[in-house]
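Listed here are the chains, written in short residue letters.
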Amino acid sequence: MTAPADLPDDELAALAAQARVRLPDAPPALLQQALALWPARAAPAAAAVQAPAPMLQRLAAVLGFDSLAAQPAMAMRSAAPSVRQLLFHAGAHDIDLRIARPQPPQAGGFVLSGQVLGPGEGGRVLLQSAGVDVASAVLDEFGDFQFGLLPPGRYQFSVQIGELLIELPELALDDQVGA
């Protein structure tokens, strides 16, 4: 007799069909015992299955430019500038902050505005003071944001774009128009 590995496919198919007809099925009791060896796992309840919370990648932004530090000595003779620009870098993102006093000046407040540049669409900017949320803003299609009148004080500023969280050094809004 020829070994099964040496037979062409059509002859193997014919032998398999003959075996299905000639060989009886296993007795039902034996099938039940075999199936009982591997009990089915209970499906988890739908409420118990939750998608894991996305892991945020945290980046610390680094100050690359401060218009207050770039002021020449002669410009210091007059009052503090009305707008301060800060540029931060974090990975592939740049954050341009502008801290200004509103015109006309209002009871010691500041306007914080800027733009987030880099990959990713959408996002949210969060402003906190002493760990408490003060304000948040959604980035527009150009990455721009603005916070209205903010009182003087120290603020933590962060930007979330997808699963990326960028944290800036603490900002101090004071008489020098910013940190």
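In short, a report on the structure. Since the model is a prediction, treat every value here as computed from it, not as a measurement.

A separate point is the overall build of the protein. Secondary structure summary: the protein contains 2 helices and 11 strands in total. Each helix and strand of the protein, ordered N terminal to C terminal, gives the series α-α-β-β-β-β-β-β-β-β-β-β-β. The burial tally for the protein puts 26% of its 179 residues in the buried class. Once local pairs closer than 6 in sequence are excluded, the contacts in the protein between residues at least 24 apart make up 52%.

Take the nonpolar core next. Among the nonpolar cores identified, the biggest contains 26 residues, and I95, L97, L112, F145, F147, F157 and V159 are the most heavily contacted of them. At the level of elements, strand 3 (83-90), strand 4 (93-100), strand 5 (110-117), strand 6 (124-129), strand 8 (144-150), strand 9 (153-161), strand 10 (164-167) and strand 11 (171-173) are the ones that each hand at least two residues to this core. In contact with L97, other than residues within four places in its own chain, are R84, Q85, L86, F88, L112, S113, G114, F145, F157, L168 and L171.

Before going further, it helps to examine the sheet that holds strand 5. The 5 strands are arranged 2-3-4-5-8 in an open sheet whose pairing can be described as antiparallel. Of all strands in the sheet, those with a lone pairing partner are strand 2 (62-66) and strand 8, marking the two edges. With strand direction ignored, the average angle separating the axes of adjacent strands in the sheet is 20°. Alignment of strand 4 against strand 5, held across 7 bridges, turns out to be antiparallel. In the sheet register, R98 faces strand 5, and the bridge partner there is S113.

Let us now look at the pattern of salt bridges. In this structure the tally under the stated criterion is 4 salt bridges. Note that D66 and R84 form a salt bridge whose closest N and O atoms lie 2.3 Å from each other. Linking D66 in strand 2 with R84 in strand 3, this pair joins segments that are 18 residues apart in sequence. R84 matches D66 in its accessibility class, with the two residues each being buried.

This next bit is on the pairing of strand 4. The side chains of a regular strand alternate between the sheet's two faces. By the criterion of burial, strand 4 is predominantly enclosed, with 6 of the 8 residues buried. Connecting strand 3 to the next strand, strand 4, in antiparallel fashion are 2 residues, including G91 with a positive phi near 60°.

The rules behind each value
- Residues numbered from 1 in each chain as written.
- Predicted model: local features only at pLDDT ≥ 70, side-chain atom pairs only at ≥ 80, totals over all residues.
- Heavy atoms only, no water.
- Helix = DSSP H or I, 4+ residues; strand = E, 2+ residues; numbered from the N terminus.
- Buried < 20%, exposed > 50% of the residue type's maximum accessible area, 1.4 Å probe, protein only.
- Contact = heavy atoms within 4.5 Å.
- Core = buried A, V, L, I, M, F, W, Y, C linked by side-chain atoms within 4.5 Å.
- Pairing = 2+ DSSP bridges.
- Axes fitted to C-alpha atoms, helices over the stretch in contact; angles between N-to-C directions.
- Salt bridge = Lys/Arg side-chain N within 4 Å of Asp/Glu carboxyl O.

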